[in-house]
Protein chains: 2
Amino acid sequence: MDFHIDNILNDMQKDDFNAYLLTGFTNVEYISGYKPTSFAFCIIKDNPVIYTSKMDMELAKNNSSIEIKEYESYDVMINELKEEGIKNLAIEPTLPFSTFVRFRDDFEIDSKTYIDKQRMIKTPDEIEKITRATEIAQRSFLQLDILNNENTEKEIAFDLVRYMIENGADKESFDTIVTSGSNSSLPHAIPEAKKLDRPILIDWGCIFEGYCSDNTRTMVYTEKQQEIWDIVAESHDKAIKAIKPGMKCCEVDKVARDVIADYGYGDRFIHSTGHSLGLDIHETPGFSPRDDTIVEKGMVITVEPGIYLEGEFGVRLEDTVAVSKKGNVIGELPLNIV
Amino acid sequence: MDFHIDNILNDMQKDDFNAYLLTGFTNVEYISGYKPTSFAFCIIKDNPVIYTSKMDMELAKNNSSIEIKEYESYDVMINELKEEGIKNLAIEPTLPFSTFVRFRDDFEIDSKTYIDKQRMIKTPDEIEKITRATEIAQRSFLQLDILNNENTEKEIAFDLVRYMIENGADKESFDTIVTSGSNSSLPHAIPEAKKLDRPILIDWGCIFEGYCSDNTRTMVYTEKQQEIWDIVAESHDKAIKAIKPGMKCCEVDKVARDVIADYGYGDRFIHSTGHSLGLDIHETPGFSPRDDTIVEKGMVITVEPGIYLEGEFGVRLEDTVAVSKKGNVIGELPLNIV
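Residues numbered from 1 in each chain as written. Chains lettered and ligands numbered in written order. Predicted model: local features only at pLDDT ≥ 70, side-chain atom pairs only at ≥ 80, totals over all residues.

Re the interface of chain A and chain B
Residue-level contacts link 24 residues of chain A with 24 residues of chain B. Listed by contribution, the elements that provide at least two residues to the side of chain A that touches chain B are helix H3 (57-63), helix H5 (97-104) and helix H8 (153-166) of chain A. Class assignment of the residues belonging to the side of chain A that touches chain B gives a composition of 13 nonpolar, 7 polar and 4 charged. (Contact = placed C-beta atoms within 7 Å. Helix = DSSP H or I, 4+ residues; strand = E, 2+ residues; numbered from the N terminus. Nonpolar A, V, L, I, M, F, W, Y, C, P; charged D, E, K, R; others polar.)

Right, dumping it as structure tokens:
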């Protein structure tokens, strides 16, 4: 059996849990290799099993490394678990309330992050896939020739996705952001059908063999924009340099945040410094003021400080770091594109 | 205040609930016009409010029809609610367990589908947007010239998305399915980097002003494929014709399912007959054997019977119906494309 499952079983044993229910699609994919398209109940126990929908049976059987059963009803599934002697059930923190309700009368239940703890630490193979995704995304970005681009934000976003797919990506890893001018002060701006204004902020990534990439670059043109860009670049560089196994995530956030605060823009850095990524574009832990998770080798976390001047413009610079003793940045795209 | 909020407040009053917590992005969008990009807690009460992240404040203030507050912490939010005299809290069935846990010590909690009940019945404006989305998607499909297409499945899927965006869509409403040959027996197949085999199954849709469309067409070539296509078409047509306000959803499913069963393929129709759509691609109710919701005017539900012959091929035909006394199909794309 996969060592991830063994590790989870060990964690469960310490807490005296018999079974662990996973329903999140990427959690099921992580455990089995099969990504549900409708719904699935993956139950980790000594003999793990996935109950899935009739419509997914062929897909699941072709892809899952663990046993697949066809879901019939909650009653059938719950009875089978009880017949095996299962008395308590660990659940994912993200489990929908309505699913929790279906199990709570039959099992003692508590939410546990065993799966998140496994997914936090990427294997070399996972880091390789994230690296491939990042390389594809960065090569595609350079194909845009952004500095001489007469297309609209929406068209450029679309071209970028096309290049990523042509270069081997499965798809974009989130809605590609191409924004410019005053809209760039919205961290999650939506591309519009208008030609590029300035500055230009592009936040993009792709999925390669299930794994995500994430980068942001901002191209600036005025003295004021350059001043803000320099501060964000300093924050970005210092945070990346600071990352070491053994630190707390919030300490990395503080390095990035302090630079921006020292220049007087502390209240205009309106989000966390970074998030983990993998099968999902947002995973735990994150470089956030409230996250005291210890940084470990194998974590893959973004560093993306930004300054957002409402009504004027925003600047964000983002790279993804695979934590090692050296704190390696993934990809080789320069910060400064001009 | 919006009549949807008034209706929900009326429903809450009947159950003696003071407040209703919504966190699903499209639920928040439905209520306020603001679609969160990070997280948000929308609380429906006499004076409704949305607590949102610092990074979404500008977007939220620009788009929300109800009051916006910046989220600081669970403690602050919960204390503010308690100070207003709120003692119990209705929640969405989809609320993550970990969020439920944050509220359960301070409020009496139960999950309620007030919001789903509102979203089930589309206004004329919502139906208009779904119709526009469907028209864009269908026009784009015809641009593909699928019968003379030398591209790969993946390229065709990409072209279709490009046409939809060029024709005014925001984006695709789900991962576009272009599949062919034996892969078509997977209801949720992923397009591959291979030229079209036969039959060809395309399941696609787009989003226009937030609202989704959904259609499927299958192009068949052999006698056996045509035989299966004819059965699915009969099932599709009879189910659509049967839809009338006052029926149960499961009765519509039965009409579609009985046709396929009568030809001996009952066990190869491996999913429900249809699902509602709107701001989300999958909404309630659905034409499923287990859904006894009464069909009402204003519901917008797909009809998509299919027959899947594992290892051979699959056929699915899908249209979207806006329920009225006449049971109107949205869009005018013929079932038979050849």
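Next comes the rest of the write-up.
Side note on the relation of the copies chain A and chain B
In this structure, two copies of a chain are linked by a rotation about an axis accompanied by a shift along it. Rotating chain A by 180 degrees and translating it 0.0 Å along the rotation axis places it on chain B, where the RMSD comes to 0.0 Å. Given the turn and translation reported, the copies of this chain are related as if by a two-fold rotation axis. When each C-alpha of chain A is compared by its distance to the rotation axis, Pro96 of chain A comes out closest, at 2.3 Å. (Least-squares fit on C-alpha atoms with pLDDT ≥ 70 in both.)

A few points about the confidence of the model for chain A
For chain A, per-residue confidence averages 96 on the pLDDT scale, and residues scoring 70 or more make up 99% of the total. Taken together, the chains of this predicted complex give a pTM of 0.95 and an interface ipTM of 0.94. (pLDDT = per-residue confidence, 0-100.)

Thoughts on the sheet that holds strand E9 (residues 200-204) of chain B
Residues and elements named next belong to chain B. Within the open sheet, the 3 strands sit side by side as E8-E9-E12. Their pairing is antiparallel. Each end of this open sheet is capped by a strand with a single partner; those strands are strand E8 (177-180) and strand E12 (215-219). Pairs of neighbouring strands in the sheet enclose a mean axial angle of 10 degrees, with direction left out of account. Bridge count for E9 against E12 is 5 bridges, and the pairing is antiparallel. Within E12, the position partnered with Ile200 by the bridge is Met219. In this fold helix H8 (residues 153-166) packs onto E8 and E9, with an angle of close to 150 degrees to the strand it touches most, E8. (Pairing = 2+ DSSP bridges. Axes fitted to C-alpha atoms, helices over the stretch in contact; angles between N-to-C directions.)

Things to note about the domain arrangement of chain A
Residues and elements named next belong to chain A. As far as domains go, chain A holds domain 1 (3-120) and domain 2 (124-330). Centre-to-centre, using C-alpha coordinates, domain 1 lies 33 Å away from domain 2. Taken together, the contacts link 6 residues of domain 1 with 9 residues of domain 2. Among the secondary structure elements, those contributing two or more residues to the side of domain 1 that touches domain 2 are helix H2 (25-32) and helix H6 (114-120). Taken together, the residues that form the side of domain 1 that touches domain 2 break down as 2 nonpolar, 1 polar and 3 charged. (Domains from an automatic or database assignment.)

Concerning the environment of Asp197 of chain A
All names here are of chain A. Position of Asp197 among the secondary structure elements: in the loop between strand E8 (177-180) and strand E9 (200-204). For Asp197, a count of 16 C-beta atoms within 10 Å translates into the label partly exposed. In this structure the C-alpha to C-alpha distance between Asp197 and Lys241, which are 44 residues apart in sequence, comes to 32 Å. When neighbours within four sequence positions are excluded, Asp197 is seen to be in contact with Ser180 and Gly181. (Buried ≥ 20, exposed ≤ 12 C-beta atoms within 10 Å, placed from the backbone.)

Description of the sheet that holds strand E5 (residues 88-91) of chain A
Residues and elements named next belong to chain A. Ordered by their spatial adjacency, 6 strands build an open sheet running E4-E3-E2-E1-E5-E6, and the pairing between neighbours is mixed. In this open sheet, the two edge strands, each paired with only one partner strand, are strand E4 (67-70) and strand E6 (108-111). Recorded for the sheet is a direction-independent mean angle of 25 degrees between the axes of neighbouring strands. With 4 bridges joining them, E5 and E6 adopt parallel strand pairing. Bridge assignment links Ala90 to a residue of E6, and that residue is Asp110.

Thoughts on the pairing of strand E16 (residues 306-309) of chain A
Residue and element names in this part refer to chain A. With 4 bridges connecting them, E16 and strand E17 (residues 313-316) associate as antiparallel partners. Within E17, the residue paired with Gly306 across the bridge is Arg316. Adjacent in sequence and paired antiparallel, E16 and E17 are bridged by 3 residues, among which Gly311 carries a positive phi angle near 85 degrees.

Topic: helix H7 (residues 124-143) of chain A
All names here are of chain A. In this model, H7 (20 residues) spans 29 Å end to end at C-alpha, consistent with the 28 Å of a helix rising 1.5 Å per residue. Buried within H7 are the following residues: Glu126, Ile127, Lys129, Ile130, Ala133, Thr134, Ile136, Ala137, Gln138, Ser140 and Phe141. Just beyond H7, the residue with positive phi is Asp145, at close to 50 degrees. (Expected span 1.5 Å × (residues − 1).)

Considering unusual backbone geometry
Cis geometry is adopted by the peptide bond preceding Pro285 of chain A, which originates at Thr284 of chain A and carries an omega value of 0 degrees. For Pro285 of chain A, the position within the fold is in strand E14 (residues 283-287). At the junction of Arg198 of chain B and Pro199 of chain B, the peptide bond is cis and its omega measures out at 0 degrees in the coordinates. Tracing the sequence through the fold places Pro199 of chain B in the loop between E8 and E9. Within the chain, Asp16 of chain A stands out as a residue other than glycine whose phi angle is a positive 60 degrees.

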